[in-house]
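Structural description and commentary
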Amino acid sequence: MSTATLRVRPALPADVRVIRELVQPYAEERILLAKEWVGYYEAVQEFLVADVGADDAPDVIGCGALHVMWQDLAEIRTLAVDRTQRRHGVGHALLEALVARARELGLTRVFCLTFEVDFFRAHGFEPIEGTPVSLEVYAELLRSHDDGVAEFLDLARVKPNTLGNTRMLLELE
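We now turn to the structure provided with this report. Here the structure is a predicted model, which is why all the values come from computation and not from measurement. All chains use their own residue numbering, which begins from 1 and follows the written sequence. Per-residue local features are limited, in this predicted model, to residues with pLDDT of at least 70; the limit for side-chain atom pairs, both in listing and counting, is 80 or more; totals at the level of whole chains, interfaces and linings are taken over all residues. Here the side-chain values reflect all heavy atoms present in the structure, with hydrogen atoms and water set aside.

It is worth spelling out the overall build of the protein chain at this point. Put simply, DSSP H or I for four residues or longer makes a helix, DSSP E for two residues or longer makes a strand, and each gets a number counted from the N terminus. Counting its secondary structure elements, the protein chain contains seven helices and seven strands. Burial here depends on accessible area, computed with a 1.4 Å probe over protein chains only, as a share of the maximum for the residue type. Under 20% is buried, over 50% is exposed, and the range in between is partly exposed. The buried share of the protein chain, reckoned over its 173 residues, is 45%. In the protein chain, the proportion of contacts linking residues at least 24 apart, taken out of those at least 6 apart, comes to 66%. Carbon and sulfur atoms make up 52% of the accessible area of the protein chain, which totals about 9,300 Å². The criterion used for residue contact is that any of the two residues' heavy atoms lie within 4.5 Å. The Shrake-Rupley method, run with a 1.4 Å probe, gives the accessible areas here. Residue values count only the displayed protein chains as cover.

This next bit is on the sheet that holds strand 1 (residues 7-10). Only strands that DSSP links by at least two bridges are regarded as paired with each other. The strand order 1-2-3-4-5-7-6 describes an open sheet built from seven strands, whose pairing is mixed. Of all strands in the sheet, those bounded by a partner on one side alone are strand 1 and strand 6 (126-127). Here strand 4 (residues 73-81) runs beside strand 5 (residues 109-114); their pairing, made up of three bridges, is parallel. Residue pairing across strands places Ala-74 opposite Val-110, the latter belonging to strand 5. The strands touched by helix 1 (residues 16-28) are strand 2 (47-51), strand 3 (60-70) and strand 4; relative to strand 3, the strand with the most contacts, the crossing angle is about 85 degrees. On the sheet, helix 3 (residues 90-104) packs against strand 1, strand 2, strand 3, strand 4, strand 5 and strand 7 (166-171) and is oriented at approximately 30 degrees with respect to strand 3. Note on method: axes are straight lines fitted to C-alpha atoms, helices fitted across the in-contact stretch only, with angles between N-to-C directions ranging 0 to 180 degrees.

This paragraph deals with the pattern of salt bridges. Within this document, salt bridges are pairs made up of a side-chain nitrogen of Lys or Arg and a carboxyl oxygen of Asp or Glu, the two lying within 4 Å of each other. A complete count under the given rule lists eight salt bridges for this structure. A salt bridge links Arg-9 to Asp-15; the nearest nitrogen and oxygen atoms lie 2.8 Å apart. When sorted by exposure, Arg-9 lands in the same class as Asp-15, which is buried. Ionic pairing is found between Arg-109 and Asp-72, a salt bridge with its closest N-O pair at 3.2 Å. Linking Arg-109 in strand 5 with Asp-72 in the loop between strand 3 and strand 4, this pair joins segments that are 37 residues apart in sequence. Relative accessible area serves as the criterion here: at 22%, Asp-72 is assigned to the partly exposed category.

What follows is about the pairing of strand 7. Note: strand 5 against strand 7, six bridges, orientation antiparallel. Within the sheet, the bridge partner assigned to Thr-114 lies in strand 7 and is Thr-166. Judged from the two bridges that link them, strand 6 and strand 7 form a sheet pairing that is antiparallel. Paired with Pro-127 across the bridge in strand 7 is Met-168.

Right, let's talk about unusual backbone geometry for a bit. The backbone phi angle of Thr-78 is positive, close to 50 degrees, even though this residue is not glycine. Along the chain, the position of Thr-78 falls in strand 4. For Thr-78, a relative accessible area of 10% translates into the label buried. You will see that Arg-87, though not glycine, has its phi angle at about 70 degrees, which is positive. Tracing the backbone through its elements, the reader meets Arg-87 in the loop between strand 4 and helix 3.

Nonpolar side chains in soluble globular proteins tend to be buried together. In these notes, a set of buried Ala, Val, Leu, Ile, Met, Phe, Trp, Tyr and Cys residues joined through side-chain atoms within 4.5 Å is what counts as a nonpolar core. Counting residues in each nonpolar core, the largest one holds 25 residues, and the members touching the most others are Ile-76, Leu-94, Leu-95, Val-110, Phe-120 and Phe-125. In terms of residue count, helix 3 provides more of this core than any other element does, seven residues in total. Not counting chain neighbours up to four residues away, the residues in contact with Leu-95 comprise Ile-76, Leu-79, Phe-119, Phe-120, His-123 and Phe-125. Core analysis: the next-biggest nonpolar cluster, separate from the first, contains 17 residues, Ala-11, Val-16, Leu-22 and Tyr-40 among them.

Rendered as structure tokens:
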């Protein structure tokens, strides 16, 4: 695969089946959290996909989502690349596009929970301890039912699903 033919674009509902297929092997290995079908459709507007096909014949080989958590904060979620296409710059292109999207939204921080520490560190993310928000924001975030917010807050209820992952943060300039 040549990265010259790679196009990162917003996901469409028609891409959801492929997104789920990309995530499934990683979910089986407990690297990513799987979603129910409805969860993917509800979040489709958060996803970007890496496509190497023509406009009339898409060939999606990667995906990633940007989930806004607060006024200045979003989470990179569900970053997955077809295993046969890894180490060809697909994840890099997706992550760059997701971070650019965060900047366009006026966000100043991007969070991720990952086993791929070296990959994210190469893109400026740093491991974090604790929860880097004010007490007021923390109290508001506690009201969320979203597991990503719980991961960011380092709440015990998500620990069985996220053991071994590293919480990382990118400060945007």
